[in-house]
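Inside the fold
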Amino acid sequence: MSILEMTTVGNSGWIGHSGPDQGKAKAFYQEVLGWSINDMPMQDGSSYSAAVVGETAIGGFSPMPEDNGTWTIFFTVADVDASVAKAEAKGATIVQPAMNMPGVGRMATLTDPQGARFALITYESMAS
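Now for a quick tour of the structure. (Residues numbered from 1 in each chain as written. Predicted model: local features only at pLDDT ≥ 70, side-chain atom pairs only at ≥ 80, totals over all residues. Heavy atoms only, no water.)

**Quick word on the overall build of the protein**
Helix and strand content of the protein: two helices and eight strands. For the protein, the succession of helices and strands along the chain, N to C, is β-α-β-β-β-β-α-β-β-β. Taking 2.2 N^0.38 as the reference for a compact globule, 128 residues should give roughly 14 Å; the C-alpha atoms of the protein span a radius of gyration of 15 Å, in line with that estimate. Overall, the protein is about 40 × 35 × 35 Å in size when its C-alpha atoms are taken along their principal axes. In the protein, which comprises 128 residues, the proportion classed as buried is 33%. Relative to all contacts within the protein whose residues are 6 or more apart in sequence, the contacts with residues 24 or more apart total 50%. Entry remark: accessible area of the protein is about 8,000 Å², with carbon and sulfur atoms responsible for 55%. The positive charge centre, built from 6 side chains, and the negative charge centre, built from 13, are 6 Å apart in the protein. (Helix = DSSP H or I, 4+ residues; strand = E, 2+ residues; numbered from the N terminus. Rg over C-alpha atoms; globule rule 2.2 N^0.38 Å. Buried < 20%, exposed > 50% of the residue type's maximum accessible area, 1.4 Å probe, protein only. Contact = heavy atoms within 4.5 Å. Areas by Shrake-Rupley, 256 points an atom, 1.4 Å probe, with all protein chains shown as cover. Lys, Arg positive; Asp, Glu negative; His and termini not counted. Charge placed at Lys NZ, Arg CZ, Asp CG, Glu CD.)

Structure representation (structure tokens):
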């Protein structure tokens, strides 16, 4: 079985945790899953805590607290704006409109017609 790259269109290449206490969440998953947590500097001077398995970052922990903990799967798409429009036409609801994250890419968060939260992302490295 081959491993898909996070930039493969259609792949769920990243997971993001949001919740009321990032420190407790990181400690929980370090203990339960054996993840390493690495702080990655962002272009705006802040840092982002990445969940690392072996040598590979697979997701991270949002520094912006939310009332209830949730995981969001980031699906890779070739064009975030076109994919958001298609999803909305098919009954999705936009939670966070498409925005550029310097050093990462363009992303948006939605809920599907069943209420499941997900995100769409086009990584900067995919730009031709």
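Anyway, onward from the coordinates.
**Here we look at the environment of Thr-7**
Tracing the backbone through its elements, the reader meets Thr-7 in the segment before strand 1 (12-18). What makes Thr-7 partly exposed here is its relative accessible area of 31%. Taking the C-alpha atoms as reference, Thr-7 lies 8.0 Å from Ser-125; in sequence the two are 118 residues apart. Sequence-distant contacts of Thr-7, that is, excluding residues within four places in its chain, are made with Thr-76, Tyr-123, Ser-125 and Met-126.

**A look at the pairing of strand 5 (residues 70-76)**
Sheet topology note: the strand 1/strand 5 ladder contains six bridges and is antiparallel. If you follow Trp-14 over to strand 5, its bridge partner there is Phe-74. Sheet topology places strand 5 next to strand 8 (residues 117-123); four bridges connect them, and they run parallel. The residue of strand 8 that forms the bridge with Thr-76 is Ile-121. (Pairing = 2+ DSSP bridges.)

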